[in-house]
Structure formats: structure tokens, C-alpha cells
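Chain residues, written in single-letter form:
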Protein chains: 2
Amino acid sequence: MRELNEKGKLAKAASRRLAALSTSVKDRALLEIADALEERADYIINENKKDIEAGRKNGLKEGLIDRLMLNGDRIAGIAEGLRQIAALPDPIGEAVSRVKRPNGLKITKVRVPLGVIGIIYEARPNVTADAAGLCVKSGNAVILRGGKEAFNSNMAIVKVMQEAGYAAGLPEGSINLVEDTTRESSTALMRLNEYLDVIIPRGGAGLIRAVVENATVPAIETGTGNCHVYVDESADLDMAKNIVINAKTQRPSVCNAEEKLLVHEAAAGEFLPIILKELEDRGVEIVGDERCRALWPNAGAAEEEDWYTEYLDLKIGVKVVGSVDEAVAHINKYNSGHSEAIITNSYANAQKFLDEVDAAAVYVNASTRFTDGFEFGFGAEIGISTQKTHARGPMGLKELTSTKYIIEGNGQIR
Amino acid sequence: MRELNEKGKLAKAASRRLAALSTSVKDRALLEIADALEERADYIINENKKDIEAGRKNGLKEGLIDRLMLNGDRIAGIAEGLRQIAALPDPIGEAVSRVKRPNGLKITKVRVPLGVIGIIYEARPNVTADAAGLCVKSGNAVILRGGKEAFNSNMAIVKVMQEAGYAAGLPEGSINLVEDTTRESSTALMRLNEYLDVIIPRGGAGLIRAVVENATVPAIETGTGNCHVYVDESADLDMAKNIVINAKTQRPSVCNAEEKLLVHEAAAGEFLPIILKELEDRGVEIVGDERCRALWPNAGAAEEEDWYTEYLDLKIGVKVVGSVDEAVAHINKYNSGHSEAIITNSYANAQKFLDEVDAAAVYVNASTRFTDGFEFGFGAEIGISTQKTHARGPMGLKELTSTKYIIEGNGQIR
């Protein structure tokens, strides 16, 4: 695909220069870009209106229209995000380790950029600026491939970022947007091994699956969250109630929201009627296993498929379990490796849950909603990795880097 | 593929128990396995003889027969390798970082096993024991898929490892060998996403390409080394001579051996006749660019393809360059991201080379032959990663791990 090859080549060349760029140039460029986005907000909003109109004409759901929509406040928010990225410490150049070997070789492991990062995402124009900002700060060139619904918005944002960024000293080719928004361009980008060092999909389960299935470039799976909260026999039920309400309803459309509630049988009789009433009052649809439905007949019947499903909506699956072991086994069978919580006062059960649950983030007595780069103190994130290689959990600037060994000698041979 | 599904399921179940296994049980199992391999050396050697005979009948080259062959000394060496792995520190359970957030959440990043590791390799039965040993120590279950030429040897080694290891407390299913040695089983293993967390190919460029092209499981590319030594204008030419001879001839069949020699034009007139004579005396075939051939008419003409080729043999490609920048550009165009060296007395050129060359290991004034887990002080390695995600350079026990975040709270919600 000619566009991808050209942009790949440009990005690869830019990545060599970006890797050597000083922190102060990168930070100044990010601040200039932030200012430019605000100064040119009218232009961006006008371009965004074309996407909104097209979206309405094509029957895009209001939820998606809302994600797509840009206004002055949202652009100010995007600019603020870039300023925060500028304020973060630069991960590049850090010595991760250094040893002097018996033969006198000094071996230093140094943090370096990955090189060229491909990002495939859906109709969220804010991702365009966030992702490009994180890549610039970590010394990586980026090739963005956004959803066609946001095409005009993405073009406008990238144009402003390129103009301001390149004027401030970023190498040309640092920030690239694929203009071909067909499915073919997405697949071709996943297979652009000559130029790309990694591909990161940001989006729903379908996109992630397509990347896993088709990518030949190393990929990092992000963001599928079939998250469980398990309320143990010894839980403080008031705490459990607050956490479940928060994890399920505070923002149901995000990947760290709760999707499943497991309750120990000894707590179910008291806890389920309380919590399920609260959830129903907040408009949450409930499906449960038989023991749940015996206690709360309003609940629908959960199918096997429900236990695997990330609803991303005001819906929850509820199951009564006989022990912490049963809860752990259920979670390890059905979860997506994102965030899992136990609410308990048992030290032994807390330890067992932390040790045995296989997920990026495992909680005791807190809401799963904290799995997030800002909440973890990383300052910003490119996504939440749910795989085990390269990075796991919230991916900040450090997770957008690689390392290299530099070895200094004075003539050593083997 | 039924065999893979069954072994995948077993391995996944074993991986849960392995992750929780104490260091002392893992170490004792490794020591028991080492003893058992030595005690049953006759059995293993007899099985190995079947492979050697079949290999000879099928016209396997003597170099490959030699790699395939096991005797008492080699089995003692394999056992010694396992004892060394037992003596290494256990990476599992280490706290990589810990923060207490303003809201009181304690967030600890803990090192955990990857889970189930697939290893695809060729006809080197020693890899069977090495790889399984590294996986056991790092708490991972392993599914080995070795070359058909080593089938009987691998079966024998795995049988002894399983019997001794499981008797010593390793969960059944920790160590698995795929008995189907067709190409189909190899491809199916690369796509066994339900059970595998990572796939690591160990072998030649063809195998690596097949994995990159076909794997849907996260893969780590290892071991392709088109390594360069660049002799700068200011190099100590005696040092340069020793390093080039060592890097090219000490063990030409391995991935960290030198494949290309770049020489600054100001040094070429003096250096090339000296070094190329030395290399010729050691049986090295030389191909060069025009400027090299003008100085050393014996050299063959290097084709474009030569600059990309990892010979793994007594052959070298030689090029005269006009500057350190030209050397860096040539290396970044043709190298495989493994190991690159500059021989120089110029501080500025050394820094430039270290900063700008894109490879796992970049050397000043030392032989590329040091890129190796033992030489770096990791004690043992599963391979040398030439990609930038997850791990880069020699992969020891730590590189066979992932992390998870454990978050301890007392009721925090967002």
C-alpha cells in the first residue's frame, strides 16, 4: 500500500532523529502544539462538524456522536493533556542497570524509544492528540490510523500538530495519519514490519481480535475488561456496597468498570438484596445464576456467554460461590486479564486472591475503577495492556520504550 | 489439533500451580532432574543414536549431526547447566516498584511468571533441557516443539525430566513435548492463544520468519545476527585486528559472530591488507565492495544481498566507508538488530555510535561475541531477542516473567 510505505519510510527516518532529540526540544514542541490546538480551535471544531453531520446522517448512535464531538472545552482538555505530558519526566536515556564484569567490560542497559509505533483506534479524536503526544515525549515516531467517522477531525488535529510541532523542532515525519480509512489500510498497517516496531490497537473487542489475528508486527492487546468484584464471607458489607456501586455505575462504558459480581454464599443472603436493589435503582440490568435468582427473582438468567461478556453498559452478571477458591477459579476461567477485586477482612483470603488471580491489576478492598495511568501516578497512558509480554496494566511513557545494552571495553575478546 | 489442545490445557493448569511454587521446590526439582539425566545417560544416548543413524541415512550434514549428538560429557554439561539455573536467584515475587498514592492505595508491581511458554526449535537436544530448566525456575509451564531430527533424543530427555521433576514436586503438565513434528504442529502451536502466553522460536532465519508471519500468540524474535565491526579512523589497529579475528573466527556459527567489517577510508590502506591476510590464513572467504577489492584483489565482489546475509560461516563482507556517519547509516539499514561494534579512540565517534546505532547490544572496543547471557552475568539465557518489545538482547530468567499490580485499599472508590 503506497501511502503506508511512504509514511512508514518517513516515520522510520524521523524516529532516528527523534531518538536523539533533547527533552527540552520535545517538551517545547508539546507546549507549542498545545497552544496551537487552542488557537486553532475554530478550525478544528468546523472540521469536526463535518464528521458529526456525516455521523448523524449515517445513523451513528448518540453515545458515539458524543465521543466524536469536539468543542472549546474538550479542545482545552486535549491541550491540557499535552501540557501534562510535557511536564512528565523523560524516560529516554535512563540507565536501567549497569554492571562492570570481571573482564572489565562495562555493560549499561539504557532506555531507548521503541522506534515507530502504529496506533489503530476508533472514532475518538482526542486519542489522536493523546497518542501522538505520548509518542513524541517518549521519542517515538507515530503512525495513527483512526476511524473513518472521525476522519476530518483527525486530519485537522494532525495538521495543527504537525505544523506547530515541526516548527518547534520535531523532525518531519514524527507524526503521521493514515488517510486511507478502509479496512485494508488497517490490516496493511498491522503488517508493516519493515517500518513499524509495535502496533497498539485502542478500541473494542472486534478491533483487538482483528489485530491478534492479522498482525505480524509485535502487538500489544489493550483495554478489554471483563472485571469482577468478589465479596467474600468476611467482607464489610457497607464497604462492599460502596465499591460495587462505584465500580459498576460510576462510568459503565470504560474497561475498568465492573462487569461481574461474585458473592460468597454466606454473605449472599444479606448482601444480594441490598446491593441488587441499589443497582436496580440506578438502572442496572441484572442477570444471575440460579442461587442469585433464588434470592432476587427480578434478575434474568445468566447464560454461559454472559460470564465472558464485557457489557460496557448498565448491566451486571451475578453469581453466588461457595468459597474464595471457587471465585478465583471462576475469574481465572472467564476474565480478560484486566482488573479483579476481592472485598474481605480475611488476611488469608486476601493473600490467596492476590497470589492466584491472573490479571493485570488485582485489588483488595478498592474499586476496579482505579486501573488507570493517572490513578496509578504515571500521568497519562496509551492504554491498559491485558497481555503479559512487554507491559501489563496501564501503559505510560516507560511502557513506550525499549532498552539497549551499551558495552564499553578496551580490547576485550573471548 | 488434539495433542496441542490436550497439552495446552495441562500446561495451563500446571502454570497456575507453578506460579505459586516455592523456590526451594523448584530448585530441588532442577537438581533432581540434573542427577536423573546423568544417571540415565545410557538410555538417553541410546535413544540419541536412533536420531544420529536416521540423520546419517537422510544425509544430514556433519555439522548438524554434531549438534544433534549426545555423549556422556554433553549430558554432564546439560546437567551442570540445570544446576547452575537452580543456583540463580528466583525472579518470581520480586517487588519491581511500590507506591502509596495520596488516596491511601498501596500499589505494588510484582514479578510473576508469564504462564505457558511455547518454544519452537531445531535439532539441538540440549535446548530441550536448557529451555525447560529456565521455564521451571521462572515458574512457567513449557510446551516444547523440537525438530523431527532430534525426536527420540527429545522424548528421552523429556521423559527423564518429567519423571524426576514430578516426583520432586513439580505439578504434572509443567514440561510438555509436542510429539507431532510436522510443520502443521509448529504452526498450530504458534496459534494456540487459548493456552499459550508467549512463543519463542530458537533457530534459523526461516523459522523466525515463519513465526513472525504466522503466530497469533505474542512472539519474541531471537537470534538472527548480522553483526558488524566498524574500524574507525582513530582505531588502535592491533586492538582492531584482535577483535575482528575473535569476532569472526572464534565461533563463526553463532549469532553474535561478526558477519561484516566496515573500515574507515583513512585506516583501510594500512588495516585491510593486515586483517584480510589474517582472515584468509584462517580460512575465511572474503567478499568486498570496490574500494576493498582495490586494496585486496583476492576478495570476491559483494552483492547487495551480501550486506543483508548472516553467513554463520567462515565468510565475511568488507566495506570501506568515508565516515562514522556512513558506517552508522549502513549498519542501521542492513543489520538485524543484534550486536554492533566500533573500534575507535575518538570519544565523539564512540558516543555517536552508541547513541545512533539501533541494535540490542552496541560495543566500543570489544568483540561482539560477548552478547550472551553468561557473559552479561545473567547466568543462562533462553535466546537473544532482536526485537524491541518485551525484551531486547540476552533473555535470562527475568525476561521470562511478566508483572502484575496488586493494589491494597481500605474501601477506596472513585
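Cut-offs used in this document
- Residues numbered from 1 in each chain as written.
- Chains lettered and ligands numbered in written order.
- Predicted model: local features only at pLDDT ≥ 70, side-chain atom pairs only at ≥ 80, totals over all residues.
- Helix = DSSP H or I, 4+ residues; strand = E, 2+ residues; numbered from the N terminus.
- Buried ≥ 20, exposed ≤ 12 C-beta atoms within 10 Å, placed from the backbone.
- Contact = placed C-beta atoms within 7 Å.
- Domains from an automatic or database assignment.
- Nonpolar A, V, L, I, M, F, W, Y, C, P; charged D, E, K, R; others polar.
- Pairing = 2+ DSSP bridges.
- Axes fitted to C-alpha atoms, helices over the stretch in contact; angles between N-to-C directions.
- Least-squares fit on C-alpha atoms with pLDDT ≥ 70 in both.
- Core = buried A, V, L, I, M, F, W, Y, C linked by C-beta atoms within 7 Å.
- Parallel < 35°, antiparallel > 145°, perpendicular 65-115°, else oblique.
- Left-handed = near helix turned anticlockwise from the far one by under 90°.

## Some words on the environment of Val231 of chain A
Residues and elements named next belong to chain A.
Thought 1: Along the chain, Val231 falls in strand S7 (residues 227-231).
Thought 2: Residue Val231 is classed as buried on the basis of its 28 C-beta neighbours within 10 Å.
Thought 3: In this structure, the C-alpha to C-alpha distance between Val231 and Phe271, residues 40 residues apart in sequence, is 8.9 Å.
Thought 4: Once residues within four sequence positions are removed from consideration, Val231 is found in contact with Ala240, Val263, His264, Ala267, Phe271 and Ile343.

## Re the domain arrangement of chain A
Residue and element names in this part refer to chain A.
Thought 1: Partitioning chain A into structural domains gives domain 1 (2-222 + 382-408) and domain 2 (227-374).
Thought 2: Centre-to-centre separation of domain 1 and domain 2, based on C-alpha positions: 34 Å.
Thought 3: Looking at the side of domain 1 that touches domain 2, the elements that each hand over two or more residues are strand S14 (383-385) and strand S15 (393-395).
Thought 4: For the side of domain 1 that touches domain 2, the residue count by class is three nonpolar, four polar and one charged.

## Considering the pairing of strand S16 (residues 401-412) of chain A
Thought 1: One ladder, built from eight bridges, connects strand S2 (residues 106-113) of chain A with S16 of chain A; its direction is antiparallel. Pairing of Val112 of chain A across the sheet is with Ser402 of chain A, part of S16 of chain A.
Thought 2: Direction of pairing for S16 of chain A relative to strand S13 (residues 361-366) of chain B: parallel, over a ladder of five bridges. Within S13 of chain B, the residue paired with Ile406 of chain A across the bridge is Val362 of chain B.

## Some points on the sheet that holds strand S5 (residues 175-177) of chain A
Sheet strands associate in pairs through backbone hydrogen bonding, adopting either a parallel or an antiparallel arrangement.
All names here are of chain A.
Thought 1: With parallel pairing, four strands are arranged side by side in an open sheet as S5-S4-S3-S6. Each edge of the open sheet is held by one strand with a lone partner, namely S5 and strand S6 (198-202). Averaged over all pairs of adjacent strands, the angle between strand axes in this sheet comes to 20°, irrespective of strand direction.
Thought 2: Against the sheet, helix H9 (residues 205-214) contacts strand S3 (116-121) and S6, and its axis sits at roughly 160° relative to S6.

## Topic: the sheet that holds strand S6 (residues 198-202) of chain B
Residue and element names in this part refer to chain B.
Thought 1: On the basis of which strands lie adjacent, the open sheet formed by four strands has the order S5-S4-S3-S6 and parallel pairing. Edge positions in the open sheet fall to strand S5 (175-177) and S6, since each of these has one partner strand only. On average, each strand axis in the sheet is inclined to that of its neighbour by 20°, with strand direction left out of account.
Thought 2: Where strand S3 (residues 116-121) lies against S6, five bridges are found, and the strand directions are parallel. When the bridges of S6 are listed, Gly118 appears paired with Ile199.
Thought 3: In the packing of helix H8 (residues 183-190) onto the sheet, contacts are made with S3, strand S4 (141-145) and S6, and the angle to S4 comes to roughly 150°.
Thought 4: Along the sheet, helix H9 (residues 205-214) contacts S3 and S6; its crossing angle with S6, the most-contacted strand, is approximately 160°.

## Describing the relation of the copies chain A and chain B
Thought 1: With an axial shift of 0.0 Å and an RMSD of 0.0 Å, the rotation relating chain A to chain B amounts to 180°. The superposition operator between the copies reduces to a two-fold rotation axis. Taking C-alpha positions as the reference, the residue of chain A nearest the rotation axis is His390 of chain A, at 1.7 Å.
Thought 2: A high fraction, 100%, of the interface residues of chain A reappear at the interface in chain B, so the copies pair face to face through one surface.

## Here's the deal with the nonpolar core
Thought 1: Ranked by size, the top nonpolar core spans 128 residues in total, and within it Leu37, Val142 and Ile199 of chain B carry the most contacts.
Thought 2: Among the elements that line this core, the one with the most residues is helix H6 (residues 125-137) of chain B, at seven residues.
Thought 3: By size, the runner-up hydrophobic cluster in this structure holds 127 residues, among which are Val110 and Met395 of chain A together with Ile275 and Val284 of chain B.

## Let's talk about the interface of chain A and chain B
Thought 1: Between chain A and chain B, the residue contacts involve 56 residues of the former and 56 residues of the latter.
Thought 2: With eleven residues, S16 of chain A is the single largest residue contributor to the side of chain A that touches chain B.
Thought 3: Residue composition of the side of chain A that touches chain B, grouped by class: 24 nonpolar, 20 polar and twelve charged.

## Quick word on the packing of H6 of chain B against helix H7 (residues 151-167) of chain B
Helix packing geometry: the angle between the two helix axes and the distance between the axes.
Residues and elements named next belong to chain B.
Thought 1: The contact between H6 and H7 brings their axes to 8 Å, and the two run at 30°. Relative to H7, H6 is oriented roughly parallel. The handedness of the crossing between H6 and H7 is right-handed. Across the interface between the two elements, Pro125, Thr128, Ala129 and Ala132 of H6 pack against Ser153, Asn154, Ile157, Val158 and Met161 of H7.
Thought 2: Partitioned by chemical class, the residues of the contact of H6 with H7 number six nonpolar, three polar and no charged.

## Re the packing of helix H5 (residues 72-87) of chain A against helix H6 (residues 125-137) of chain A
All names here are of chain A.
Thought 1: Between H5 and H6, the least distance of the axes is 10 Å, while the angle of their chain directions is 10°. As judged from the angle between their axes, H5 and H6 are roughly parallel. Two packed elements cross with a definite hand, and for H5 against H6 that hand is right-handed. In contact with Arg74, Ile78, Gly81, Leu82 and Ile85 of H5, H6 contributes Asn126, Ala129, Asp130, Gly133, Leu134 and Lys137.

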